[in-house]
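# Close look at the chain arrangement
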Amino acid sequence: MIPTLRSLSLLGLLCLGLLVRPAAAQDALQKQEQDLTRQCVSALSSFASNAKSQKVGPRAKQAYDLILQYDPDNSTARTELGWKKEKGQWVEQPPEKRKKWLDKAGYEGRFKVIDEWAKTSAKLSGFHKKLGLELQAAGNAERAKHHLEKAVYYNAMDKEANVALGLKEGPGFYGTEPQIAMAVKMKEVEKRAVELARK
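These lines cover the structure that appears in this document, whether it is placed above or below. This one's a predicted model, so the numbers in the text were calculated from it and none came from an experiment. (Residues numbered from 1 in each chain as written. Predicted model: local features only at pLDDT ≥ 70, side-chain atom pairs only at ≥ 80, totals over all residues. Heavy atoms only, no water.)

### As for a nonpolar patch on the surface
How we decide: Nonpolar side chains (Val, Leu, Ile, Met, Phe, Trp, Tyr) are joined into patches within 5 Å and like charges within 9 Å, using only residues with over 30% relative accessible area and no salt bridge. The method behind every accessible area is Shrake-Rupley, applied with a 1.4 Å probe, and residues are considered shielded solely by the protein chains displayed. Whenever Lys or Arg places a side-chain nitrogen within 4 Å of a carboxyl oxygen from Asp or Glu, that contact is recorded as a salt bridge. Here a strand is any run of E in DSSP of at least two residues, a helix any run of H or I of at least four, and the numbering for each starts at the N terminus. For every residue, the accessible area obtained with a 1.4 Å probe (protein chains only) is divided by the maximum for its type, and the residue is called buried under 20%, exposed over 50%, and partly exposed between those limits.
Taken together, Tyr107, Phe111 and Ile114 make up a surface patch of nonpolar side chains, about 400 Å² in accessible area. Assignment of secondary structure puts Ile114 in helix 4 (residues 107-137). When its relative accessible area of 47% is taken as the criterion, Ile114 is described as partly exposed.

Encoded structure:
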């Protein structure tokens, strides 16, 4: 009787361990994604402030729009984009009350913002790639794909993220084998058309 009870206790502990482990893994994933959200919102907020200070309104708006993809309740982005909180709900103001995102920058300001975006997008890509590769290694294919696609969204030429998504390196881009074959064929057609035009 005692061995049976002991076996049942061990079996119960084993089942409990199997239930707790996925929950702990889920909590760890949730924390990693929360950390990534904070990092991305911080990088985008910094870029938006920079774009605003350089008077490149459309790029500042783009950054605030991206912030809301990470944090839909972000009060700074909501306010900047013309939303107002009423009775705990965000309400979009009519167009005439919203900020006009005009580009009033000079060339120097625009080039500074372009340079800053290159740095910011590389940083955002890196955040998503790191988590995507970790999730892929842990066997969480669905979330890994989401983050790797985000990494490529921010940096289309990131080799590691593209390869992890199963894409191949083509002539100046990454794609599937049929896409690369089509690009090579189009290049050949273009080359032949130029040759014929010169005759």
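Still more ground to cover, so stick around.
### Points about the environment of Gln34
Topologically, Gln34 is positioned in helix 1 (residues 2-53). Classification of Gln34 by relative accessible area gives partly exposed; the value is 43%. Separated by 36 residues in the primary sequence, Gln34 and Tyr70 place their C-alpha atoms 9.4 Å from one another.

### Quick word on the nonpolar core
Put simply, the test is: Only buried Ala, Val, Leu, Ile, Met, Phe, Trp, Tyr and Cys residues count toward a nonpolar core, and they belong to the same one when joined by side-chain atoms within 4.5 Å. A contact between two residues is defined here by any heavy atoms of the two lying within 4.5 Å.
Among the nonpolar cores identified, the biggest contains 28 residues, and Leu44, Tyr64, Tyr70, Trp117, Leu124 and Tyr154 are the most heavily contacted of them. Elements with a minimum of two residues in this core: helix 1, helix 2 (57-70), helix 4 and helix 5 (141-154). Looking at this core, the element that brings in the most residues is helix 1, giving nine residues. Each residue touching Tyr70, except ones within four places of it in the same chain, is listed here: Leu36, Thr37, Cys40, Val41, Leu44, His128, Lys150 and Tyr154.

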